[in-house]
Amino acid sequence: MQQPTPFKSSALSEVILGALAIIAALLLWISPPVGFLLTVVLFALLPPWGRSITERAIISVTVIAGLVALTIPRGSDVPVTQSS
């Protein structure tokens with residue numbers, strides 16, 4: 001049984017999804033609230049894991065939280081202040 005995907009696999013849809021990802025990344029700097037919302041929507045729709053949109057969103061949040069924990073260690077000697 002094939003899992004449902006929001007887009008059919010084709011070269012055109014991959015270009016569209018790539019363009020949406022680039023737009024979302026740019027909007028994170030240009031207009032953070034809009035960029036954040038578009039990124040959340042893309043993380044719920046695009047990942048290949050999960051059966052439903054809710055399951056994809058939960059797994060994506062877990063993966064992102066793990067990546068943040070790996071890239072920003074709290075036990076380091078680098079002080080965290082408002083300016084850093």
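Keep in mind that this is a model prediction, so the values were computed, not measured. (Residues numbered from 1 in each chain as written. Predicted model: local features only at pLDDT ≥ 70, side-chain atom pairs only at ≥ 80, totals over all residues. Heavy atoms only, no water.)

1. Structural notes on the overall build of the chain
(1) Moving on: In terms of regular secondary structure, the chain is built from three helices and zero strands.
(2) Moving on: Seen in sequence order, the chain has helices and strands lined up from the N terminus as α-α-α.
(3) Moving on: Per-residue burial over the chain gives 13% buried out of 84 residues.
(4) Moving on: For the chain, the proportion of contacts with a sequence separation of at least 24, taken over those separated by at least 6, is 22%.
(5) Moving on: A total accessible area of about 6900 Å² is found for the chain, and carbon and sulfur atoms account for 74% of it. (Helix = DSSP H or I, 4+ residues; strand = E, 2+ residues; numbered from the N terminus. Buried < 20%, exposed > 50% of the residue type's maximum accessible area, 1.4 Å probe, protein only. Contact = heavy atoms within 4.5 Å. Areas by Shrake-Rupley, 256 points an atom, 1.4 Å probe, with all protein chains shown as cover.)

2. Considering the packing of helix α2 (residues 32–45) against helix α3 (residues 53–71)
(1) Moving on: In contact at an axis separation of 7 Å, α2 and α3 are set at 115° when each is read in the N-to-C sense. Taken together, the axes of α2 and α3 are roughly perpendicular relative to one another. The handedness of the crossing between α2 and α3 is right-handed. Judged by residue contacts, Phe-43, Ala-44 and Leu-45 of α2 engage Ile-53, Arg-56, Ala-57, Ser-60 and Ile-64 from α3.
(2) Moving on: Class assignment of the residues belonging to the contact of α2 with α3 gives a composition of six nonpolar, one polar and one charged. (Axes fitted to C-alpha atoms, helices over the stretch in contact; angles between N-to-C directions. Parallel < 35°, antiparallel > 145°, perpendicular 65-115°, else oblique. Left-handed = near helix turned anticlockwise from the far one by under 90°. Nonpolar A, V, L, I, M, F, W, Y, C, P; charged D, E, K, R; others polar.)

3. Overview of the packing of helix α1 (residues 11–30) against α2
(1) Moving on: Running from amino to carboxyl end, α1 crosses α2 at an angle of 150°, the nearest separation of the two axes being 6 Å. Taken together, the axes of α1 and α2 are roughly antiparallel relative to one another. Considering the relative orientation of α1 and α2, their crossing is left-handed. Only Pro-32, Val-34, Gly-35, Phe-36, Leu-38, Thr-39 and Leu-42 of α2 make contact with α1, whose side of the interface consists of Leu-20, Ala-21, Ile-23, Ala-24, Leu-27, Leu-28, Trp-29 and Ile-30.

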